[in-house]
Amino acid sequence: MGVELANERAQFLEMEEVNFTDNELVYHVRTALKSASLGDSESYDELIGVMHHRERLSPDDVAMLVTCLKALSGTVSCIDVVHHESLLSSIFGMSMWNYGPEVMDALVDLIISLQAASSGKYVDSCLDMLIRNFVPPYSYLALLKQPRGLSRKDQVLSRVHSALESISHLVPLAPMRLLSLVIQRMPRQNDNEIVMMTYVENMFKLESGSMGQLVGSAMLIAVVDRLLDLDVEIGWEDIVQDDSSKGIFEMELEDLEEDEEDLNDEGNELPGKHLSRNGLQGNVIAEKLDSLLVMTFEYLESCQGHGRLLEVFETLLHSFRITVLNAYKSKFAQFVMFYACALDPENCGVRFARMLVDIFVCHDQPPMTRMSAVAYLASYLSRGKFLSASYITTMLKRLVDCCLDYCKVQDGDVNPLAHRVFYAGCQAMMYVLCFRMRSIMSIPRLKSQLFLMPIETILKHKSDPLKVCLPSVVGEFLKQARAARLFAVTKTIFDDILESELSRAFGGLERLDTFFPFDPCLLKKSDSFIRPNFIFWSMVKTMYDDDEDRYEDEEGSGDEDGEDSEESVDGGVGDDRVDRMATSFNEQDIDIEEFDYALNKMSITPKQSLMYKFGGGLEELVRMPSRIRPSTSPESM
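Residues numbered from 1 in each chain as written. Predicted model: local features only at pLDDT ≥ 70, side-chain atom pairs only at ≥ 80, totals over all residues. Heavy atoms only, no water.

### A look at the overall build of the protein
Okay, so step 1: When helices and strands are counted, the protein shows 30 helices and 2 strands.
Okay, so step 2: Looking at the protein as a whole, 55% of its 637 residues qualify as buried.
Okay, so step 3: Long-range pairs, those at least 24 residues apart, make up 81% of the contacts in the protein with a sequence separation of at least 6.
Okay, so step 4: With the model as given, the accessible surface of the protein reaches about 27,600 Å², and the carbon-plus-sulfur share is 49%. (Helix = DSSP H or I, 4+ residues; strand = E, 2+ residues; numbered from the N terminus. Buried < 20%, exposed > 50% of the residue type's maximum accessible area, 1.4 Å probe, protein only. Contact = heavy atoms within 4.5 Å. Areas by Shrake-Rupley, 256 points an atom, 1.4 Å probe, with all protein chains shown as cover.)

As structure tokens, then:
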């Protein structure tokens, strides 16, 4: 067989040397195909031998392979799925990554010719072959980090997508078959990161290409689903199984100067367990998720540049509602929505908040969905630097109105299960005001609206939300409300803040009482996109800051008095605060490890009993939490 194959190659080379016409080349191949159908497979086997040549090709080998592919393109009507199965298998098994542009072009022409002549008979095989060329063979992955590997990647993918578009024109049903096959072949969580990234890059190309109207939405939804799959793999210890007697909460403390001194004193070592992105280093799943999120953020930027962001956002909004919203272990995938909103606050940003509040006020929605929606709303309104104080006040009023309507029809006492949606709404209302009260109060028009809201009536309802909602949120809110004179806050109210099982009860198995989904992002590369648009607790100027400043002035601190500007378009805080918000930690010359430590340093509040009263420990209580969860670290730490 080897001698025969060598002779056949010699014959093909002779054909090239004498410059046979295309018709003559087609005749030789057609003869081999017909002979195989009649039982004489000698020439046919030698043709397959040429197609199977996998070693490094010489210029003569390349010329012979191109000749065969071109000749086959002219004889596709003679190819029979039964008699020429091995030939078809050879064609569909070829990887364009192994060849130069001449072979790629000849192979693409053959694939398209097969579709044109067969009325879609080979559509699944052709589409599957092209999809497998989305990613290179594993032996080629390392080359993708080199210029010549990237050049080959561009050569392959441009031809793959051109072929897919041509087939979609020839076979109207091809896009639907393509959609199914792309999703089936999508890399799984444990696949190579480069493979996954390259595959998703192709999915984004399909979304933005000529077939986008047919397959684009499904491509985006599939990408978000994969982000969520990776996200839930990065698990926290299940807080439902945590010992409830511990009563330890993680607090977001960003006193950078203090933490920097602590780090210097301790030789830059981070003592103890705390929430830090350092704990995710070496976590392969986290690194894949981080890279995919960055690719998705960059794709959203591209969509914005082409005027398509709002169109894409509608798909993301649908995906969020049916998957992410009720995925209670999601920690990072939701930042796709946050970043899209940051890119277009006036459209996407407003649309997202409106959808969340619409879900919360809709009694037809399941209770857990309503609670999840209001948790997202509270976290989003609190953290989005790009949201104006005016719009936040509008959303807050809808939230307050919904809670007031509930108070009017309910007359029961404390019942965490029966009133869980109401308690979730009250906690969301207080949480937002912890972050935004100062910015709202600094604008006379919004201040008047806030004072007209029946917040006191709601919080002093018989169902007693102040006793049920998280003590850390309640305490911080009451301290600011007292400083703002929002309503009468007596010492008795503070003393009645209980660390009990009530908030755990209303949060349910998913602990939605502790769910603040837009807490600081711990994925390093993704955080660089989120941070400029994000409000950390240390950036918030509270209502009682003035009191503390006056006390410092009286002590002779020598600080100059200043007035906050009334409103900022970047979230309704004073201009000086916006400047500080917009300044990254890197610009403050703070090392990233120091930032991690500062971001996640914990304040421990022991719970001596289920009915422990904070009372004199109020100053510790009112430190505002970022992740108000039992003191468990990610499972990967």
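So much for the structure itself; the text now carries on.
### Considering the packing of aromatic side chains
Okay, so step 1: Counted under the stated rule, the structure contains 26 aromatic pairs.
Okay, so step 2: Considering the side-chain rings of Phe-320 and Phe-352, the 5.2 Å spacing of their centres and the 75° angle between planes classify their relative orientation as edge-to-face. Residue Phe-320 is found in helix 14 (residues 309-322), and its partner Phe-352 is found in helix 16 (residues 345-361); the two are separated by 32 residues along the sequence.
Okay, so step 3: We classify Phe-320 as buried; its relative accessible area is 1%.
Okay, so step 4: Ring centres of Tyr-431 and Phe-516 lie 4.2 Å apart, and the angle between their planes is 25°; this geometry places the pair in the stacked category. Highlighted residues: Tyr-431 in helix 19 (residues 420-441) and Phe-516 in the loop between helix 25 (502-507) and helix 26 (524-530), separated in sequence by 85 residues. For the pair formed by Tyr-431 and Phe-516, the shared burial category is buried.
Okay, so step 5: Arg-370 extends its terminal NZ or CZ atom over the ring of Phe-360, reaching a point 5.6 Å from the ring centre.
Okay, so step 6: Residue placement shows Lys-479 over the ring face of Tyr-544; its charged tip is 4.2 Å from the ring centre. (Phe/Tyr/Trp six-rings, centres within 6.5 Å; stacked < 30°, edge-to-face > 60°. Lys NZ or Arg CZ within 6 Å of the ring centre and 35° of its normal.)

### Quick look at the side chain of Ser-95
Okay, so step 1: Mapping Ser-95 onto the fold places it in the loop between helix 5 (85-92) and helix 6 (101-118).
Okay, so step 2: For Ser-95, the contacting residues outside a window of four places in its chain are Asn-133 and Pro-137.

### A word on helix 8 (residues 147-170)
Okay, so step 1: Its 24 residues place the ends of helix 8 35 Å apart at the C-alpha level, agreeing with the 34 Å of an ideal helix rising 1.5 Å per residue.
Okay, so step 2: Within helix 8, the full set of buried residues consists of Gly-149, Lys-153, Val-156, Leu-157, Arg-159, Val-160, His-161, Ala-163, Leu-164, Ile-167 and Ser-168.
Okay, so step 3: Against the buried residues of helix 8 lie helix 6, helix 7 (123-132), helix 9 (174-184) and helix 10 (193-208). (Expected span 1.5 Å × (residues − 1).)

### Things to note about the state of the cysteines
Okay, so step 1: With the rule as written, the count across this model stands at 0 disulfides.
Okay, so step 2: The cysteine Cys-402 is free of any disulfide, with Cys-403 supplying the nearest cysteine sulfur at 5.7 Å.
Okay, so step 3: Using a relative accessible area of 13% as the deciding quantity, one classes Cys-402 as buried. (Disulfide = S-S within 2.5 Å.)

### With respect to the environment of Leu-452
Okay, so step 1: Among the secondary structure elements, Leu-452 is positioned in helix 20 (residues 444-452).
Okay, so step 2: Measuring from C-alpha to C-alpha, the distance between Leu-452 and Lys-397 comes to 9.7 Å, with 55 residues separating the pair along the chain.

### Some details on the pattern of salt bridges
Okay, so step 1: Considering all chains together, one arrives at 16 salt bridges under this definition.
Okay, so step 2: A salt bridge links Arg-308 to Glu-207; its shortest N-O distance comes to 2.7 Å. Taken together, the residues span a long stretch of sequence, with Arg-308 in the loop between helix 13 (284-305) and helix 14 and Glu-207 in helix 10 at a distance of 101 residues. Each member of the pair, Arg-308 as well as Glu-207, carries the same accessibility label: buried.
Okay, so step 3: Linking Arg-308 and Glu-311 is a salt bridge whose minimum nitrogen-to-oxygen distance equals 3.7 Å.
Okay, so step 4: Each of Asp-128, Arg-132 and Arg-185 takes part in one network of salt bridges that share partners. (Salt bridge = Lys/Arg side-chain N within 4 Å of Asp/Glu carboxyl O.)

### Details of helix 10
Okay, so step 1: Helix length check: helix 10, at 16 residues, gives a terminal C-alpha distance of 23 Å against a target of 22 Å (1.5 Å per residue), a fit within 8%.
Okay, so step 2: If you check which residues of helix 10 are buried, you get Val-195, Met-196, Met-197, Thr-198, Tyr-199, Val-200, Asn-202, Met-203, Phe-204, Leu-206 and Glu-207.
Okay, so step 3: If you follow the buried residues of helix 10, they end up packed against helix 7, helix 8, helix 9, helix 11 (212-233), helix 13 and helix 14.

### Here's the deal with the nonpolar core
Okay, so step 1: Among the nonpolar cores identified, the biggest contains 194 residues, and Phe-352, Tyr-380, Met-437, Leu-450, Ile-455 and Phe-477 are the most heavily contacted of them.
Okay, so step 2: Here the element with the most residues in this core is helix 19; it accounts for 16 residues.
Okay, so step 3: In this view, Tyr-380 contacts Phe-338, Cys-341, Gly-349, Phe-352, Ala-353, Phe-386, Leu-387 and Phe-518; residues no more than four positions away in its chain are not counted. (Core = buried A, V, L, I, M, F, W, Y, C linked by side-chain atoms within 4.5 Å.)

### Observations concerning the confidence of the model for the protein
Note: predicted coordinates in regions of low pLDDT should not be interpreted at a detailed level.
Okay, so step 1: The predicted model of the protein averages 77 in pLDDT, with 70% of residues at 70 or higher.
Okay, so step 2: The secondary structure element of the protein with the lowest average pLDDT is strand 2 (residues 612-613), at 31, and the one with the highest is helix 15 (residues 335-343), at 98. (pLDDT = per-residue confidence, 0-100.)

### Section: unusual backbone geometry
Okay, so step 1: A positive phi angle, near 55°, is found at Asp-464, a position not held by glycine.
Okay, so step 2: In this structure, Asp-464 sits in the loop between helix 21 (455-459) and helix 22 (465-468).
Okay, so step 3: At Arg-485, a position not held by glycine, the phi torsion is positive, near 55°.
Okay, so step 4: You can see Arg-485 is positioned in the loop between helix 23 (471-484) and helix 24 (491-495).

### Here we look at the packing of helix 6 against helix 7
Okay, so step 1: Two elements in contact, helix 6 and helix 7, have axes separated by 9 Å at closest approach and are oriented at 155°. As summarised for this structure, helix 6 and helix 7 are arranged roughly antiparallel, according to the angle between their axes. Considering only the axes of helix 6 and helix 7, their crossing is left-handed. Where helix 6 abuts helix 7, its residues Leu-107, Ile-111, Leu-114 and Gln-115 lie against Val-123, Cys-126, Met-129 and Leu-130.
Okay, so step 2: Residues belonging to the contact of helix 6 with helix 7 are distributed by class as follows: 7 nonpolar, 1 polar and no charged. (Axes fitted to C-alpha atoms, helices over the stretch in contact; angles between N-to-C directions. Parallel < 35°, antiparallel > 145°, perpendicular 65-115°, else oblique. Left-handed = near helix turned anticlockwise from the far one by under 90°. Nonpolar A, V, L, I, M, F, W, Y, C, P; charged D, E, K, R; others polar.)

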